[in-house]
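# Fold and contact review
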Amino acid sequence: MRDIRTEEMLLNMGPQHPSTHGVFRVVIRTDGEMVLETESHIGYLHRCFEKVAENVSYVQVVPYTDRMDYVCSMINNLGWAEAVEKLLGIEAPERAQYIRVMVAELNRIASHLLAFGTYGMDIGAVTPFLYAFRDREKILKIFEKLCGQRLNYTYVRVGGVSFDITDEILKDIEDFCNYFEPDIIDEYNRLLSYNGIFISRTANVGVIPRQMAIGYGLTGPNLRGSGVRRDLRKDEPYCIYDRFQFEIPAGSGEQGQTGDCWDRYMVRIREMTQSIMIVRQALKGIPSGLHLDKKLQLKVKPPKGEAYHKVEGARGELGFHIVSDGSEKPYRVKTRGPSFCNISVLDELTRTGKCMVADMVAIIGSLDIVMGEVDR
Amino acid sequence: MGNVLENLNPDSFTKDTVFINSLENLINLTRANSVWPLTFGLACCAIEMMATGASKYDIDRFGSGPFRATPRQADLMIVAGTVTHKMAPRVKRLYDMMPEPKYVLAMGGCVIRGGPYVKYGYHVVKGVDLIVPVDVYVPGCPPRPEALLEGIFKIQKLMMREKIGDRARKSTKPEVYQPA
């Protein structure tokens, strides 16, 4: 018998593909079912945040930060507001700080729920998506009561938060916490986390060893999935995170090797429990008082200088570097987006020679990228 | 279903041949009650589009919903999110790949006229209607799922007005998109 001759094929995945989570294009060089090499192309959703920020005032930048990582806008707002406050040398009122922590953690849960739902859908399980959205809607309803928007909130402003939180909303948040934890998380674990098919699709797939994760500058759940317990909320506390008790979950290779897709997925599920813990503590300690420094809403004029501030977003370290020339508009803004760094590891992961075409979807989904933040 | 049936005008039966008219209505009725949108998420609006398809808003109630990943099986393109100059040729290409009759729903401010990026953005296509013909505009940043559902009702009404003879006249010529 003659040898079967195979030849390599170039496969275009994206920019319109249901599991690339937005407009992301990967050119895959395949040999049969094996992936030999991939090349990522980004920039299909470039929205020139940094250039726009140079043209509008400090207060007006807030809505543009929403649209960077649109799945967890609250944390983006928080990052920007705190960076400007650092530049001004002020601090938000105590009540505002508590509200900020609460909405940031609720938004983190909403973001992880979306990651959980879409990851299940990528792997081939449609049901978790519907369950995740059922609970995500509850959080969105709270946000809607709070600020009138479902997605791009513009809620956390320079010098506080735009609307005060009422007792009714506090009650809603408490009800949500009681509803969500521990019942719903157990339900998710029964539904997807320990499902045999799911484990075989994700365990030992796309393993990021500790050194590689640090080398590529991964942050957030992707880094913690590789067993590195680094979380800015704990390591370099901002806002009032140093007042709360919580743990940092990390991957330990329960179902396979440390740093595989399952570990990264499971870190997100466990982080939701921790976020609920933080929200509960914040609910107990919320003081009365001012929620917003109204003077700062009209005009913010920081002195000449620069400031860098980073927060722990749902996807990792989100940093804003602002250079001020003493005018009402920023002179230059640089954003360090977590998704952009996280996505850089993809080409390295697929070069192992053990990655198959079906694993590509599992790997991209587990990195949980938001293209709005990659391209900015 | 109810809003679609309104368009069945009993008077029209006397004007045209009964057979052609009712066949047209039958085809339109089936078409309007099984709208298959294209899974085409670009940015923030895509999240609301997903929410519309998910548990609470449940687009399937209104005879729409199976989001298709390929344009060849879709008859409605929901352009959800900012269309950049880099993405615009792909949008055009996807539209050309869809079979007739096809409809386009522009969702969100960015798609309609550039949204918040219209003044200082150098990247945004100032209206997706410069590239593809748009049937229904749904404003908002992002629009609520209810708004998107309302947009789909409008599309369904348009589908009920479809004339078999009009199709040949309506066909679009593929053009190459030139960024400004």
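Predicted model, so just to flag it, every value in this text is computed and none were measured. (Residues numbered from 1 in each chain as written. Chains lettered and ligands numbered in written order. Predicted model: local features only at pLDDT ≥ 70, side-chain atom pairs only at ≥ 80, totals over all residues.)

## As for the confidence of the model for chain B
Residue and element names in this part refer to chain B. The test is simple: Every residue carries a pLDDT, the predictor's confidence in it, which falls somewhere between 0 and 100. A run of H or I in DSSP counts as a helix once it spans at least four residues, and a run of E counts as a strand once it spans at least two, with each numbered from the N terminus. We call two residues in contact if the C-beta atoms placed from their backbones are at most 7 Å apart.
Looking at chain B, the pLDDT average stands at 80 and 79% of residues meet or exceed 70. The secondary-structure element of chain B with the lowest mean pLDDT is helix α1 (residues 2–5), recorded at 48, while strand β4 (residues 136–138) shows the highest, at 90. In this model residues 1–5 is a low-confidence stretch, pLDDT under 50, and it forms 10 contacts with partners more than four residues away in sequence or in other chains. Quick note on the complex model: pTM equals 0.88, ipTM equals 0.86.

## Remarks on helix α3 (residues 73–88) of chain A
Given 3.6 residues per turn, any residue in an α-helix points the same way as the ones three and four places further on. The following threshold applies: Each residue after the first adds 1.5 Å to the expected span of a helix.
The terminal C-alpha atoms of α3(A) lie 23 Å apart, and with 16 residues this matches the ideal 22 Å at 1.5 Å per residue to within 8%. Looking at the residues trailing α3(A), positive phi occurs at Gly89(A), about 75°.

## Some words on the sheet that holds strand β7 (residues 317–324) of chain A
Residues and elements named next belong to chain A. Note the following rule: Paired strands, in this sense, are two strands between which DSSP finds at least two bridges. Between the N-to-C directions of two axes lies an angle of 0 to 180 degrees, each axis being a line fitted to C-alpha atoms and, for a helix, fitted only over the stretch in contact.
Judged by pairing direction, the sheet is antiparallel, and its 3 strands sit side by side in the order β6-β7-β8 without closing on themselves. If you trace the sheet from one side to the other, it starts and ends with β6 (305–312) and β8 (330–336), each paired once. In this sheet, adjacent strand axes meet at a mean angle of 15° when their direction is disregarded. The pairing of β7 with β8 spans 6 bridges and is antiparallel. If you follow Ser 324 over to β8, its bridge partner there is Pro 330. Those strands touched by α3 are β6 and β7, and its axis lies near 150° from that of β6.

## Notes on unusual backbone geometry
The omega torsion across Glu181(A) and Pro182(A) is 5°, close enough to zero to call that bond cis. As for its position among the elements, Pro182(A) is in helix α6 (residues 167–193). Looking along the chain, the bond that leaves Cys141(B) and enters Pro142(B) is cis, with omega of -10°. Note on placement: Pro142(B) falls in the loop between β4 and α7 (145–160). Phi is positive for Asn204(A), which is not a glycine, with a value near 60°.

## What about the interface of chain B and chain A?
Short version of the rule: Put simply, Ala, Val, Leu, Ile, Met, Phe, Trp, Tyr, Cys and Pro go in the nonpolar bin, Asp, Glu, Lys and Arg in the charged bin, and everything else, Gly too, in the polar bin.
Taken together, the contact between chain B and chain A spans 28 residues of the former and 28 residues of the latter. The set of elements that each furnish at least two residues to the side of chain B that touches chain A consists of α4 (44–53) and α5 (88–97) of chain B. Looking at the side of chain B that touches chain A element by element, the count peaks at 4 residues for α4(B). Grouping the constituent residues of the side of chain B that touches chain A by class yields 16 nonpolar, 7 polar and 5 charged.

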